Amino acid sequence: MTCDQLKELELAANLSGVNLSQWALENLLSCARETITPNNRTIMAAEDFDAFVEALDKPMDPSLLPFIEQKTMWE
């Protein structure tokens, strides 16, 4: 980090009324949430949601049993 960059960050923290660590943590968490949120949500039209729920409510195809009985890669 250059001296100019540090001065800019310190100025932003001072203008916000917090110390640099508090300002950095708050902004890093905000940025992290912006990155994480779109990857944790599924958005679909109402008719697609209805079809999704219907598919979940159907009995599982027995041919899938060997697949779900396999150990996961993290086990």
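Parameters and conventions
- Residues numbered from 1 in each chain as written.
- Predicted model: local features only at pLDDT ≥ 70, side-chain atom pairs only at ≥ 80, totals over all residues.
- Heavy atoms only, no water.
- Helix = DSSP H or I, 4+ residues; strand = E, 2+ residues; numbered from the N terminus.
- Rg over C-alpha atoms; globule rule 2.2 N^0.38 Å.
- Buried < 20%, exposed > 50% of the residue type's maximum accessible area, 1.4 Å probe, protein only.
- Areas by Shrake-Rupley, 256 points an atom, 1.4 Å probe, with all protein chains shown as cover.
- Lys, Arg positive; Asp, Glu negative; His and termini not counted.
- Charge placed at Lys NZ, Arg CZ, Asp CG, Glu CD.
- Patch = residues over 30% accessible without salt bridge, like charges linked within 9 Å, V, L, I, M, F, W, Y side chains within 5 Å.
- Salt bridge = Lys/Arg side-chain N within 4 Å of Asp/Glu carboxyl O.
- pLDDT = per-residue confidence, 0-100.
- Expected span 1.5 Å × (residues − 1).

1. Observations regarding the overall build of the chain
- Of regular secondary structure, the chain possesses four helices and zero strands.
- Taken from the N to the C terminus, the helices and strands of the chain come in the order α-α-α-α.
- Over its C-alpha trace the chain gives a radius of gyration of 24 Å, far above what one expects of a compact globule, namely 11 Å for 75 residues.
- Taking all 75 residues of the chain together, the buried fraction comes to 3%.
- Summed over its atoms, the accessible surface of the chain is roughly 7,100 Å², and 59% of this surface lies on carbon and sulfur atoms.
- Treating the 5 positive side-chain charges of the chain as one cloud and the 13 negative ones as another, the clouds have centres 7 Å apart.

2. With respect to a negative patch on the surface
- A contiguous patch of negative charge, built from Glu47, Asp48, Asp50, Glu54 and Asp57, is present on the exposed surface.
- Examined against the element boundaries, Glu54 turns out to sit in helix 3 (residues 46–57).

3. Here we look at the confidence of the model for the chain
- Overall, the predicted model of the chain reaches an average pLDDT of 94, with 100% of residues at or above 70.
- Per-element mean pLDDT across the chain ranges from 89 in helix 4 (residues 65–69) up to 97 in helix 1 (residues 3–16).

4. Here's the deal with helix 1
- Compared with the 20 Å implied by 1.5 Å per residue over 14 residues, the 20 Å span of helix 1 between its first and last C-alpha is a close match.
- Looking one or two places after helix 1, you find Gly17, whose phi comes out positive at around 80°.

5. Details of the environment of Gln5
- Looking at the secondary structure, you find Gln5 in helix 1.
- Taking the C-alpha atoms as reference points, Gln5 and Cys31, separated by 26 residues in sequence, lie 18 Å from one another.

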